[in-house]
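# Notes for the structure review
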Amino acid sequence: MRTLVWLQRELRIQHHPALESALANSTKVIVAYFHDPKQTLGHANSAWLAQSLQQLQQDFQNRKGRLWLIEGNFSEQLNSVIRQHQIDQVCYTFQPGHPFTSWQQQALDVCQHLEVPLVPYHTENWLPYNQLLNGSGLPYKVFTPFYKSVMSKLSRLVPFGSPSTDLQKTTRISCPSEFQTLPNDLQNLSNQAWAQKIMQHWQVGESQAWLKLDQFVASRLDSYEVNRDLPGESGTSMMSPHLHFGEIHSRAILFTLAPLESLNGQAIHIWLRQLAWREFARSILWHFPASEQTPFQSKFVGFYTERNDFDEQQAKIYQAWCQGNTGIPIIDAGMKQLWEIGWMHNRVRMLVASWLTKNANIDWRLGVDWFNDTLVDADPANNTLGWQWVAGCGVDAAPYYRLFNPIRQSEKFDAKGKYITHWLPRLKHCPLQNLHQPNDTNCYPPPIIDLALSRQAHLSRRQQLKNC
């Protein structure tokens, strides 16, 4: 049996059921990542991907294995590898959302044409999504009952087996020299100054993911409940890019933390609840794939202004938001952080999303697009759920009357201005009483949108929608 294990974003060796099954049941195995320059992830995602693939390739070599990195038209290259190396089956791990579902359909077309089985592994989640249904047999659309259902079923989970240490089967088919180095497109991207600027803030790969988890548990988990909402503190795990690229399996984290519950059960459950939001987002996208591009609540179609309907002023407002020039310090600090390191604190993500959709009345999908291109952890499920939740058009959405007041939020969660002054150093000498809403134009430009007026305008639009 010759098996091709096709990677999408499961960039690890441990806790990888598709890989483990191939190694156990096949005589020869090819493990490959296909990079199609015409079907790429966002820029920041690709910068991470480039380094993660190089690290994974080194991890394979260190264990006497081989990872193929194949560049070119995806369908053509997949077809070629299957034919030339007489592949008997292709295994892959199912991933929800764009571009993964598109790639998976292309792979299915190729395999059906060649009459080669394409075997999906639905193993990246905690529990099968078709088992997480409410009393009526329907998908959960509100997080809390979903979370309770998940937690009640965790006893069904079986720990992963011991990871395979023998990767020699992945070397029994000779790898062409052109597939032994990082694809040119990714190499060129990773050489860009902006990519190097972002990636200097991160350490990538499977071993680094586990190291970061260990450091978080040892030094920050105890204070997570208090510090997780404070963007100026190192209170979160910063694990999201590693989870997004599958450098660590979230289910493996569950079993790693389980023995520690007797020591710090409350802190662990608070953090696991946040991980469960990731499961909820993936479940929603699995059950409702159209939600990636369409408001979950259909009444919101056309509610927010789309790019094609921009006037000159709205185009300027959107550009100012992207560049962190809104005149609201906490908003601008978040957008500057995003641009510099490819990541943004979750509390601030909600604030910038609320400002764009509700104060600026700009379609949530434009926010999704910008995040997709600039976040190293841009995940189709998390990104979609988060933006629709804040915009008020998704499942479990914030009530229509809830607009985050960025000034009050800034005063509450960044009281001493640690976060703001770090990302907006021009404000370091601004008096603390003026820091969150500078009243001196020599200190900071005025807001480009009046918060009170824009709030009222949003509430009026929502009330009209409610009355329809």
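Everything below is about the structure printed above this text.
I will try to describe carefully the structure that is included in this document. (Residues numbered from 1 in each chain as written. Predicted model: local features only at pLDDT ≥ 70, side-chain atom pairs only at ≥ 80, totals over all residues. Heavy atoms only, no water.)

## A look at the overall build of the protein
This is how it is decided: Only DSSP runs of H or I reaching four residues or more are called helices, and only runs of E reaching two or more are called strands; each is numbered from the N terminus. With C-alpha atoms as the basis for the radius of gyration, the globule rule is written as 2.2 Å multiplied by the number of residues raised to the power 0.38. The classification of residues rests on relative accessible area computed with a 1.4 Å probe and restricted to protein chains. Under 20% of the type maximum is buried, over 50% is exposed, and intermediate values are partly exposed. The contact criterion used is simple: two residues touch if any of their non-hydrogen atoms lie within 4.5 Å. Note on areas: Shrake-Rupley, 1.4 Å probe, and residue coverage restricted to the protein chains presented here. In this tally, Asp and Glu contribute negative charge and Lys and Arg positive charge; neither His nor the terminal groups of the chain are included. In this description, the location of a charge corresponds to atom NZ of lysine, CZ of arginine, CG of aspartate or CD of glutamate.
A tally of regular secondary structure across the protein gives 21 helices and five strands. Computed over the C-alpha atoms, the radius of gyration of the protein is 23 Å, within 12% of the 23 Å expected from 2.2 N^0.38 for a compact globule of 468 residues. Dimensions of the protein, computed from the C-alpha atoms along their principal axes, are close to 70 × 50 × 50 Å. Evaluated residue by residue, the protein yields a buried proportion of 57% over its 468 residues. Counting only contacts in the protein whose residues sit at least 6 apart along the sequence, the fraction spanning at least 24 positions is 80%. About 20400 Å² of surface is accessible on the protein, with carbon and sulfur atoms providing 49% of the total. For the protein, the distance from the average position of its 42 positive side-chain charges to the average position of its 39 negative side-chain charges is 5 Å.

## As for the side chain of H345
What counts, and what does not: Any pair of nitrogen or oxygen atoms within 3.5 Å is treated as a polar contact; in protein, a donor-acceptor pairing is required on top of that, and neighbouring residues in sequence qualify only through side-chain atoms on both sides.
With respect to the helices and strands, H345 occurs in the loop between α14 (329-341) and α15 (346-359). For H345, a relative accessible area of 3% translates into the label buried. Reaching out from H345, the side chain makes a polar contact with the backbone oxygen of R228 at a distance of 2.8 Å. Polar side-chain contacts of H345 include one of 3.0 Å to the backbone nitrogen of R347. Beyond its immediate sequence surroundings of up to four residues, H345 is in contact with R228, D229, L230, P231, T236 and Q337.

## As for the pairing of strand β3 (residues 67-71)
Heads up, the condition is: Any two strands are treated as partners once DSSP identifies two or more bridges connecting them. We call a crossover right-handed when, viewed with both strands directed away from the observer, the connection leading from the first strand over the helix to the second proceeds clockwise.
Most of β3 sits out of view: four of its five residues are buried. Examined bridge by bridge, strand β2 (residues 28-35) and β3 share five bridges and lie parallel to one another. If you follow V31 over to β3, its bridge partner there is L67. In this region the chain leaves β2, passes through helix α2 (residues 43-62) and returns to the parallel neighbour β3; the handedness of that crossover is right-handed.

## A word on the packing of aromatic side chains
Selection criterion: When two rings of Phe, Tyr or Trp (its six-membered ring) have centres within 6.5 Å they constitute a pair, described as stacked for plane angles under 30 degrees, edge-to-face for angles over 60, and tilted for the intermediate range.
The final tally for this structure, using the stated rule, is 25 aromatic pairs. Both rings, one in F143 and one in F280, keep their centres 5.7 Å apart while their planes meet at 70°; by these two values the pair is edge-to-face. Here F143, found in helix α5 (residues 143-153), pairs with F280, found in helix α12 (residues 261-287); they are 137 residues apart in sequence, far enough to count as distant. Each member of the pair, F143 as well as F280, is classed as buried.

## Here we look at the state of the cysteines
Where we set the bar: The rule for a disulfide is simple: a pair of cysteine sulfur atoms within 2.5 Å.
The final tally for this structure, using the stated rule, is zero disulfides. Of all cysteine sulfurs in the structure, the one in C111 sits closest to C91, which takes part in no disulfide; the separation is 9.9 Å. C91 gets classed as buried once you look at its relative accessible area, which sits at 1%.

## Focus: the environment of H436
Take H436: it is sitting in the loop between α20 (432-435) and α21 (451-467). Between the C-alpha atom of H436 and that of I407, which follows or precedes it by 29 residues, the distance is 5.9 Å. The residues touching H436, leaving out its near neighbours within four places in the chain, are P329, I407, S410, E411, D414, A415, G417 and I420. Of note is the side chain of H436, whose polar atom sits 2.5 Å from the side chain of S410.

## Some words on α2
Filter applied, for reference: Take the residue count of a helix, subtract one, and multiply by 1.5 Å to get its expected span.
The end-to-end C-alpha distance of α2, which contains 20 residues, comes to 29 Å, matching closely the 28 Å that a straight helix rising 1.5 Å per residue would cover. Positive backbone phi, approximately 60°, marks K64, located one or two places after α2.

## What to know about the packing of α15 against helix α17 (residues 380-391)
The test is simple: Each axis is a line fitted through C-alpha atoms, and for a helix only the stretch in contact is used; angles between axes span 0 to 180 degrees, taken between their N-to-C directions. Throughout, the term roughly parallel applies to angles under 35 degrees, roughly antiparallel to angles over 145, roughly perpendicular to angles from 65 to 115, and oblique to all others. Each crossing gets its handedness from the near helix: less than a right angle anticlockwise from the far helix is left-handed, clockwise is right-handed.
Relative orientation of the contacting elements α15 and α17 amounts to 55°, with a least axis distance of 9 Å. One finds that α15 runs oblique with respect to α17. Viewed along their axes, α15 and α17 form a crossing whose handedness is right-handed. Here M350, A353, S354, L356, T357 and K358 of α15 lie close against α17, whose contacting residues are W387, W389, V390 and A391.

## Some remarks on unusual backbone geometry
Cis peptide bonds are those with omega within 30 degrees of zero, and the linkage from H98 to P99 qualifies with 5°. When you line up the elements, P99 lands in the loop between β4 (89-93) and α4 (100-114). The phi dihedral of Q86 falls on the positive side, at around 50°, and the residue is not glycine. Here Q86 lies in the loop between α3 (74-84) and β4. A residue is classified by how much of its surface remains accessible, and Q86, at 55% relative accessible area, is exposed. Look at N361: it is not a glycine, yet its phi comes out positive at around 60°. Here N361 is to be found in the loop between α15 and α16 (364-374). Looking at N361, the relative accessible area reads 12%, which means it is buried.

## Thoughts on the sheet that holds β2
In space, the five strands of this open sheet follow the order β3-β2-β1-β4-β5, with parallel pairing throughout. Unpaired on one side and paired on the other, β3 and β5 (118-121) mark the two borders of the sheet. Shown here is a sheet whose adjacent strand axes are inclined to one another by a mean of 30°, direction ignored. Two strands pair when backbone bridges link them, and strand β1 (residues 2-7) and β4 are joined in this way by four bridges, in the parallel orientation. Bridging across to β4, W6 finds its partner in Y92. Of the strands in this sheet, β1, β2, β3 and β4 are in contact with α3, which crosses β2 at around 165°.

## Comments concerning the nonpolar core
Here is the rule we go by: As used in this record, nonpolar core signifies buried Ala, Val, Leu, Ile, Met, Phe, Trp, Tyr and Cys residues forming a set joined through side-chain atoms within 4.5 Å.
Counting 110 residues, the largest nonpolar core has W321 and W355 as the members making the most contacts within it. Residue contributions to this core peak at eight residues, all from α2. Once you skip the residues sitting within four places of it in the chain, W355 turns out to touch I317, W321, T326, I328, I331, A360, I448, I449 and L451. Grouped together as the second largest cluster of nonpolar side chains are 38 residues, Y224, L254, W271 and L272 included.

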